[in-house]
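This is what each chain is made of:
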Amino acid sequence: MVCTEKALMDFGIATQVVAALEKAGLTVLVYDKCVADAPSRICDEGVVFARENKVDGIVAVGGGSTIDTGKAIDLVLSMGGTTIADYYHVAEPEHKVKIIAIPTTSGTGSENTPCAVICDAVTGRKEIPIFRADLALADPVLTYTVPAKVTAATGLDVLAHCAEAITNRNYNAYANIVAKEGIRLTMKYLKTACEKPKNVEAREKMALAANLGGQAIAETGCSIGHSFSQTFGAMNHIPHGLGCAWALPSCMTYTAKYGRREDLAETADAMGVAYKDSDDAMVIAKAISDVLVAFMKELGVVSIKDMGYTLEDCLKSADLFQYDAAFANAPGKPSVEEAREYIKDTYFIYQ
Ligand SMILES: [Fe+2]
């Protein structure tokens, strides 16, 4: 079963995968109902479709939500159940059906992460069941037709994964090395990938950067920036990468409140941000934040305010942070009041 999005069939992207599988002699069924935010209902419908058709393998072709939907379908099939809602918090089962992930954006790194981000139909919350792809095929050719705005947002998600992996509570030397390379590649190639969509080198490097970002957060998880993107984003159907981009500059200054100087310095070094060897974590965080804001402007990223949201709209997500999986990784043990302060910073830092 090719698990994909209707637009990727219409524009001849997923059809290339279908053709390759058929050429190899396989019978292919297409489930093309995947949409942004990976709603649990779409996962459950996919389970019914797969089971009715005795599917014995899944190839997920698409952005992060589509790969996550494929993983969720596979998880339910492997557990022998009917709804992903029953399996948000179980240990990863043995894969009864193998799954190959083929990303068509360079962003989430979902092809490489051990989990899926699913939007629950009842609570509206983002849930994170554990399941990983058996094989990932990241082919930058499939990203050539991604529009500039989506390239920018997904690329900034890569930056968020890498910077949040370095600066959250779960220090991991291996993840740091991987994340720093992801940051370096993104700072060097994202603008070109936006401006010249068929630039082979830029697309290839961004596909690699996304993969590295996924690898980094597979080790450490994300931080408070993703908590904003995953709560406010779920409430308002904001593209994940865009929410992560808004949330990242303030994530750096939030981190500095807990004095994470070395982590911030490593992030700044990877980004090429000058901070004159300052000992002050906040000085380094502000230098990173300034560069991020300028970079986002250069890429034409719209602000929260320009999207029509008020600060009050944003603050409504503060109570939900505690339910977000990334929140526990944030430095400190943020209270709701601290989450509100963080949201205020997020709102005003990029306008
Ligand atoms: Fe992300």
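Residues numbered from 1 in each chain as written. Predicted model: local features only at pLDDT ≥ 70, side-chain atom pairs only at ≥ 80, totals over all residues. Heavy atoms only, no water.

**Observations regarding the packing of aromatic side chains**
Here is the rule we go by: Two rings belonging to Phe, Tyr or Trp (six-membered ring only in the last case) form a pair when the distance between their centres is within 6.5 Å. Interplanar angles under 30 degrees mark stacking, angles over 60 mark edge-to-face geometry, and anything in between is tilted. A run of DSSP states H or I qualifies as a helix once it reaches four residues; a run of E qualifies as a strand once it reaches two. Both are numbered from the N-terminal end. Throughout this description, buried means an accessible area under 20% of the type-specific maximum (1.4 Å probe, protein chains only), exposed means over 50%, and partly exposed covers the range between.
Across all of its chains, the model carries 8 aromatic pairs by this definition. Relative to Phe49, the ring of Tyr31 lies with its centre 5.6 Å away and its plane at 35 degrees, an arrangement referred to as tilted. Here Phe49 lies in helix α3 (residues 40-52) and Tyr31 lies in strand β2 (residues 30-31), a separation of 18 residues in the sequence. On the basis of relative accessible area, Tyr31 is assigned to the buried category, the value being 4%.

**Here's the deal with the pattern of salt bridges**
When charged atoms on two side chains of opposite charge get close, those side chains can pair. Stated formally: Within this document, salt bridges are pairs made up of a side-chain nitrogen of Lys or Arg and a carboxyl oxygen of Asp or Glu, the two lying within 4 Å of each other.
Applying the stated criterion across every chain yields a total of 16 salt bridges. Here Lys180 makes a salt bridge to Glu266, at a shortest N to O gap of 2.4 Å. Placement of the pair is Lys180 in helix α6 (residues 173-195) and Glu266 in helix α10 (residues 261-271), with a sequence separation of 86 residues. Lys180 gets classed as partly exposed once you look at its relative accessible area, which sits at 28%. When the shortest N-O distance is used, the salt bridge between Asp313 and Lys316 registers 3.8 Å. Connected via shared salt-bridge partners are Lys33, Arg41 and Glu45.

**What about a negative patch on the surface?**
To be explicit about the condition: Without a salt bridge and with relative accessible area above 30%, a residue can belong to a patch; like charges are then joined within 9 Å and nonpolar side chains (Val, Leu, Ile, Met, Phe, Trp, Tyr) within 5 Å. Each accessible area value is a Shrake-Rupley result obtained with a 1.4 Å probe; residue values ignore everything except the protein chains displayed when judging cover. A positive count includes Lys and Arg, and a negative count includes Asp and Glu. His and the chain ends are not counted in either. Note on charges: their place is set at NZ of Lys, CZ of Arg, CG of Asp or CD of Glu.
A surface patch of like charges, here negative, comprises Asp269, Asp277, Asp279 and Asp280. Within the secondary structure layout, Asp277 lies in the loop between α10 and α11 (281-298). We classify Asp277 as exposed; its relative accessible area is 63%.

**Some remarks on the coordination of the iron ion**
Between any two of four tetrahedral donors, the ideal angle at the metal is 109.5 degrees; between two of six octahedral donors, it is 90 or 180 degrees. Spelled out, the test is: Each metal site lists N, O and S donors within 2.8 Å (3.2 Å for Na, K and Ca). With water left out of the atoms, a site can look as if it is missing ligands. A site with four donors is called tetrahedral when every donor-metal-donor angle falls between 85 and 135 degrees; four donors are called square planar, and six octahedral, when opposite donors sit more than 155 degrees apart and all other angles fall between 65 and 115; any other arrangement is irregular.
Those donors, Asp157 (OD), His161 (NE2), His226 (NE2) and His240 (NE2), are the protein atoms that reach the iron ion, and they lie 2.1 to 2.2 Å from it. For the iron ion, the 4 donor atoms are set out with angles of 85 to 167 degrees between them, so the coordination reads as irregular. In the primary structure, the donors to the iron ion are separated according to the pattern D-x3-H-x64-H-x13-H. A residue pair is termed long-range when its members are at least 10 positions apart, and His161 in helix α5 (residues 148-167) and His240 in helix α9 (residues 240-256) qualify at 79 residues. Classification of His240 by relative accessible area gives partly exposed; the value is 22%.

Keep in mind that these numbers describe shape and distance, not what the molecule does.
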